Amino acid sequence: EAGVTQFPSHSVIEKGQTVTLRCDPISGHDNLYWYRRVMGKEIKFLLHFVKESKQDESGMPNNRFLAERTGGTYSTLKVQPAELEDSGVYFCASSQVISKGGREQYFGPGTRLTVT
Amino acid sequence: AQSVTQLDSHVSVSEGTPVLLRCNYSSSYSPSLFWYVQHPNKGLQLLLKYTSAATLVKGINGFEAEFKKSETSFHLTKPSAHMSDAAEYFCVVTPFYNQGGKLIFGQGTELSVKP
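Residues numbered from 1 in each chain as written. Chains lettered and ligands numbered in written order. Predicted model: local features only at pLDDT ≥ 70, side-chain atom pairs only at ≥ 80, totals over all residues. Heavy atoms only, no water.

### Regarding the interface of chain A and chain B
Facing 21 residues of chain A, the contacting portion of chain B comprises 20 residues. A combined buried area of about 1800 Å² lies between chain A and chain B, and 55% of that area is made up of carbon and sulfur atoms. If you look at where chain A meets chain B, you find 1 salt bridge. Our count for the contact surface shared by chain A and chain B stands at 4 residue pairs in polar contact (both at pLDDT 80 or more). Elements with a minimum of two residues in the side of chain A that touches chain B: β4 (31-37) and β5 (43-50) of chain A. Here the residues of the side of chain A that touches chain B are counted per class, giving 8 nonpolar, 7 polar and 6 charged. (Contact = heavy atoms within 4.5 Å. Buried area = accessible area lost by both parts, 1.4 Å probe. Salt bridge = Lys/Arg side-chain N within 4 Å of Asp/Glu carboxyl O. Polar contact = N/O pair within 3.5 Å; in protein donor to acceptor, adjacent residues only side chain to side chain. Helix = DSSP H or I, 4+ residues; strand = E, 2+ residues; numbered from the N terminus. Nonpolar A, V, L, I, M, F, W, Y, C, P; charged D, E, K, R; others polar.)

### Quick word on the pattern of salt bridges
Residue and element names in this part refer to chain A. Tallied over the full model, the rule gives 9 salt bridges over all chains. The partner of Arg22 in a salt bridge is Asp24, and the shortest N-O contact between them spans 2.7 Å. Look at Arg22 and you get partly exposed, because its relative accessible area is 32%. The partly exposed category is assigned to Asp24, whose relative accessible area is 25%. When salt bridges with common partners are traced through the structure, they connect Arg36, Arg64 and Asp86 into a single cluster. (Buried < 20%, exposed > 50% of the residue type's maximum accessible area, 1.4 Å probe, protein only.)

### Some points on the environment of His39(B)
Residue and element names in this part refer to chain B. Secondary-structure assignment places His39 in the loop between β5 (31-38) and β6 (44-50). Taking the C-alpha atoms as reference points, His39 and Ala87, 48 residues apart in sequence, are found 4.8 Å from one another. For His39, the side chain forms a polar contact with the main-chain oxygen of Ser84, separated by 3.1 Å.

### Things to note about the packing of aromatic side chains
Going through the model one piece at a time under the given rule, you end up with 13 aromatic pairs over all chains. Aromatic pair Tyr35(A) and Phe107(A): ring centres 5.5 Å apart, planes at 40°, arrangement tilted. Within this pair, whereas Tyr35(A) is found in strand β4, its partner Phe107(A) is found in strand β10 (residues 106-107), the two being separated by 72 residues in sequence. The exposure classification of Tyr35(A) matches that of Phe107(A), with both residues buried. With 5.3 Å between their ring centres and 80° between their planes, Phe107(A) and Tyr36(B) make a pair best called edge-to-face. (Phe/Tyr/Trp six-rings, centres within 6.5 Å; stacked < 30°, edge-to-face > 60°.)

### Points about the sheet that holds strand β1 (residues 5-7) of chain A
Residues and elements named next belong to chain A. With respect to topology, 4 strands assemble into an open sheet ordered β1-β3-β8-β7, the strand pairing being antiparallel. Of all strands in the sheet, those bounded by a partner on one side alone are β1 and β7 (65-68). With direction set aside, neighbouring strand axes in the sheet form an average angle of 15°. With 3 bridges joining them, β1 and strand β3 (residues 19-24) adopt antiparallel strand pairing. Within the sheet, the bridge partner assigned to Phe7 lies in β3 and is Arg22. (Pairing = 2+ DSSP bridges. Axes fitted to C-alpha atoms, helices over the stretch in contact; angles between N-to-C directions.)

See the structure below:
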């Protein structure tokens, strides 16, 4: 079974440019999550999709970030325009119900974004 | 509100000696607690989880953690460290009722293993 994949693995862009990150969840997983780790800080939640609907986007930092999940399969996270403080590692995770006590989230390797 | 505090940013042990990574949590509701590990250039992998069943939880690769409600702790242990255990470890909490919701991460503990 293929795991969560993310593309690209690294991206270096200049301030003011646009970048789009992609996440392919595990096949059949309805839940898809985005997280971000800024250097020196903890990993923080950005948003949660259930299929194509945004279940919780309370962690999105501002309106320069736009996440989509058309068709309920892969997801994209666009940053436009990028700022220096957007640099960090962006993780995607997916999950399906496996137990009553909490769904395990499976993480991708992350995309390292550097804004110069 | 929920939060986790990992008490050490870096832990160094010798191969074959015990590992202890400390985590304290704060939760207004019964928590689900997890430990994840991230090896270099890899995604986060679930080591173990506590979801209100047995308080001593066994995970992969010989790791285990004990949920202590009175101490609000969920420390990760392993009797004997292996070189391959060198990685960053994250303690994570989510409210038990909020199944499928966001995970709240601690700051991470970098584990080094010396030969």
